[in-house]
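Examining the three-dimensional arrangement
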Amino acid sequence: MKSFRKELWFDIPGRRAFINITDDVEAALRESGVREGLLLVNAMHITASVFINDDESGLHHDYEQWLEKLAPHEPVSGYRHNRTGEDNADAHMKRQIMGREVVVAITGGKLDFGPWEQIFYGEFDGGRRKRALIKIIGE
Amino acid sequence: MKSFRKELWFDIPGRRAFINITDDVEAALRESGVREGLLLVNAMHITASVFINDDESGLHHDYEQWLEKLAPHEPVSGYRHNRTGEDNADAHMKRQIMGREVVVAITGGKLDFGPWEQIFYGEFDGGRRKRALIKIIGE
Amino acid sequence: MKSFRKELWFDIPGRRAFINITDDVEAALRESGVREGLLLVNAMHITASVFINDDESGLHHDYEQWLEKLAPHEPVSGYRHNRTGEDNADAHMKRQIMGREVVVAITGGKLDFGPWEQIFYGEFDGGRRKRALIKIIGE
């Protein structure tokens, strides 16, 4: 069994963004040499997500508005977590809806994807360096 | 290490449905011959889910109503994604709540499940052929 | 390839709670002897979650309030599932938002975690014995 590990680093200037990391994940897979196996990509921070969906800017706008409706940033004082000096309680909620991680099948050395699947890093509390982990196991 | 791959195809006539695929996944597991390992099942489309919950029709009715409340289909024009000519932006939201994939332990050649766990394909934008992927690795 | 399996049992007296199980999962990992691989932790019940987030009591209070807003327990009669004699339909919804499972990378014999990642069992319908499953594969 082979295993491979790589970190992807991000420094999003604003509070929130969706970054397409599919090419980076494919590059890591090629580097690993794994042909058959499973690939995990997870946010290493608890106010960020890794998820699979469509690379369409209108949809990302809709996600932004929808998540803000389900878990609004304001009022900051409405969350007990923010009494710790943080203002990111909403980011911990948004991350739960969008998910921490994805697990992807590796077949014939490639991400075994349907026609529109793309992998995104979802930042909900940016303004500092954060990272995602790629872990690959297989043969 | 063994690996095994199988697609399940669906053609849901309406827009939304929940399909119990547990028997199909168990059949794939038997076919794989894997006794110890991990099994991934994921929707290969970004407006569908694979999730584990109860096979109870009342609950599925409740999920349908609840998801429609959290991410309503109408008004279609309320989503920027739908300006692309689609009317399925809500399906991309519903899929995030219900999830893309499940990872299941394989022990002694069986799905290592609690008493009520069943695997479902959740369709949120039907009317065409779509598929889920089963990938198994182990020994 | 090595594989390892362990159950964690819970008996939460109230209806809902979040229990930090990181130490138990690390103990299982040590017991497995696996140095490189993947670790799955999942709720074996469909009204409970396993998720990764922050061990901060204010945040857990916020999660509790937020989940109750998105999927209220009352009115119990508002859910068709509850006509079966259950009163836990809301718990099936809360579990979908928080997720069934986490998959964690194992690197150098340790959980390959970011600075704040902790694993929780989320109970949404307590008052009886329930369990989570740890499954580890690797080398």
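Residues numbered from 1 in each chain as written. Chains lettered and ligands numbered in written order. Predicted model: local features only at pLDDT ≥ 70, side-chain atom pairs only at ≥ 80, totals over all residues. Heavy atoms only, no water.

**As for the overall build of chain A**
Rules: Secondary structure elements are defined from DSSP: runs of H or I of at least 4 residues count as helices, runs of E of at least 2 residues count as strands, and each element is numbered from the N terminus. In this scheme, a residue with accessible area under 20% of its type's maximum is buried, one over 50% is exposed, and one in between is partly exposed, where area comes from a 1.4 Å probe on protein chains only. A contact between two residues is defined here by any heavy atoms of the two lying within 4.5 Å. A 1.4 Å probe and the Shrake-Rupley method give the accessible areas. Residues count as covered only by the protein chains that appear here.
The secondary structure content of chain A amounts to three helices and eight strands. What you see in chain A, going N to C, is helices and strands ordered as β-β-α-β-β-α-α-β-β-β-β. Dimensions along the principal axes, computed over C-alpha positions, put chain A at roughly 50 × 30 × 20 Å. The proportion of buried residues among the 139 residues of chain A is 62%. A fraction of 82% describes how many contacts in chain A between residues 6 or more apart in sequence connect residues 24 or more apart. Summed over its atoms, the accessible surface of chain A is roughly 5,100 Å², and 46% of this surface lies on carbon and sulfur atoms.

**Examining the interface of chain B and chain C**
Under the convention used in this document: By definition, the buried area sums, over both parts, the 1.4 Å-probe accessible area that each loses when the two are put together. Just to be clear on terms, a salt bridge is a Lys or Arg side-chain nitrogen sitting within 4 Å of an Asp or Glu carboxyl oxygen. Side-chain classes are defined by residue name, with Ala, Val, Leu, Ile, Met, Phe, Trp, Tyr, Cys and Pro counting as nonpolar, Asp, Glu, Lys and Arg as charged, and the others, Gly among them, as polar.
Taken together, the contact pairs 34 residues of chain B with 29 residues of chain C. Surface buried jointly by chain B and chain C totals about 2,600 Å² across both partners, of which 60% is contributed by carbon and sulfur atoms. Its largest share of buried area at the contact with chain C, chain B owes to B:Leu38, B:Asp62 and B:Trp66, together 20% of the area lost on that side. Where chain B touches chain C, the interface holds three salt bridges. If you list the elements that add at least two residues to the side of chain B that touches chain C, you get β3 (37–43), β4 (48–53), α2 (57–70), α3 (89–98), β5 (101–107) and β8 (129–138) of chain B. Looking at the side of chain B that touches chain C residue by residue, the classes come out as 19 nonpolar, seven polar and eight charged.

**Let's talk about the pattern of salt bridges**
Summed over all chains, the structure comprises 48 salt bridges over all chains. Ionic pairing is found between B:Arg131 and B:Glu7, a salt bridge with its closest N-O pair at 2.8 Å. Of this pair, B:Arg131 sits in strand β8 while B:Glu7 sits in strand β1 (residues 2–11), and the two are 124 residues apart along the sequence. Judged by its relative accessible area of 23%, B:Glu7 falls in the partly exposed class. C:Arg100 is the salt-bridge partner of B:Glu117, the closest N and O atoms lying 2.7 Å from each other. Linking B:Glu117 in the loop between β6 (110–111) and β7 (118–123) with C:Arg100 in the loop between α3 (89–98) and β5 (101–107), this pair reaches from one chain into another. When salt bridges with common partners are traced through the structure, they connect A:Arg16, A:Glu64, A:Glu68, A:Asp90 and A:Lys94 into a single cluster.

**Quick word on the relation of the copies chain C and chain A**
Rules: Residues below a pLDDT of 70 in either copy are left out; the C-alpha atoms of the rest, at least 70 in both, set the least-squares superposition of the copies.
With an RMSD of 0.0 Å, the operation that places chain C on chain A is a rotation of 120 degrees combined with a shift of 0.0 Å along the axis. Seen this way, the second copy is the image of the first under a three-fold rotation axis. Measuring from the rotation axis to each C-alpha of chain C, the shortest distance belongs to C:Ile97, at 3.3 Å.

**Let's talk about the sheet that holds strand β4 (residues 48–53) of chain A**
All names here are of chain A. To be explicit about the condition: Any two strands between which DSSP finds at least two bridges are classified as paired. What counts as an axis is a line fitted to C-alpha atoms, over the stretch in contact for a helix, and the angles between N-to-C directions run from 0 to 180 degrees.
As summarised here, the arrangement of the three strands in space is β2-β7-β4, forming an open sheet in which the pairing is antiparallel. The open sheet terminates on both sides in strands that have one partner only, identified here as β2 (17–20) and β4. Put simply, the sheet's adjacent strands are angled 30 degrees from each other on average, direction ignored. Here four bridges tie β2 to strand β7 (residues 118–123), and the two strands are oriented antiparallel to one another. In the strand pairing of β7, Phe18 is matched with Gly122.

**Comments concerning helix α1 (residues 22–32) of chain B**
All names here are of chain B. Note the threshold: Think of it as the arc spanned by the lines of direction from the helix axis to the C-beta atoms.
When α1 is considered as a whole, its buried residues turn out to be Thr22, Val25, Ala28, Leu29 and Ser32. Projected down its long axis, α1 shows its buried positions confined to an angular sector of 125 degrees, all on one face. Turned more than 90 degrees from where α1 packs its buried face, Asp23, Arg30 and Glu31 sit exposed. Directly beyond the C-terminal end of α1, a positive phi value near 75 degrees is found at Gly33.

**Examining the interface of chain C and chain A**
What counts is decided by this rule: For this analysis, a polar contact is any N or O atom pair within 3.5 Å, provided that within protein one partner can donate a hydrogen and the other can accept it, and provided that sequence-adjacent residues contribute only side-chain to side-chain pairs.
Contact residues are listed per partner, giving 34 residues for chain C and 29 residues for chain A. Overall, the association of chain C and chain A removes approximately 2,600 Å² of surface from exposure, summing both partners, and the carbon and sulfur fraction of that is 60%. Of all residues in chain C, the largest losses of buried area upon contact with chain A belong to C:Leu38, C:Asp62 and C:Trp66, amounting jointly to 20% of the total for that side. Across the chain C-chain A interface, the total number found is 19 residue pairs in polar contact (both at pLDDT 80 or more). Looking at the side of chain C that touches chain A, the elements with two or more residues in it are β3 (37–43), β4 (48–53), α2 (57–70), α3, β5 and β8 (129–138) of chain C. Along the lines of polarity and charge, the residues of the side of chain C that touches chain A split into 19 nonpolar, seven polar and eight charged.

**Notes on the pairing of strand β8 (residues 129–138) of chain A**
Residue and element names in this part refer to chain A. The element β8 is largely enclosed, with a buried count of nine among its ten residues. Relative to β8, strand β1 (residues 2–11) runs antiparallel, the two sharing ten bridges. From the neighbouring strand, Glu7 faces β8, where its bridge partner is Leu133. Alignment of strand β3 (residues 37–43) against β8, held across seven bridges, turns out to be antiparallel. Residue pairing for β8: Gly37 is matched across the bridge by Gly138.

**Topic: the sheet that holds β1(A)**
All names here are of chain A. The strand order β1-β8-β3-β5-β6 describes an open sheet built from five strands, whose pairing is antiparallel. Each end of this open sheet is capped by a strand with a single partner; those strands are β1 and β6 (110–111). With six bridges joining them, β3 and strand β5 (residues 101–107) adopt antiparallel strand pairing. Paired with Asn42 across the strands is Glu101, a residue of β5. Across the sheet, helix α1 (residues 22–32) is in contact with β1, β3, β5, β6 and β8; its angle to β1 comes to roughly 150 degrees.

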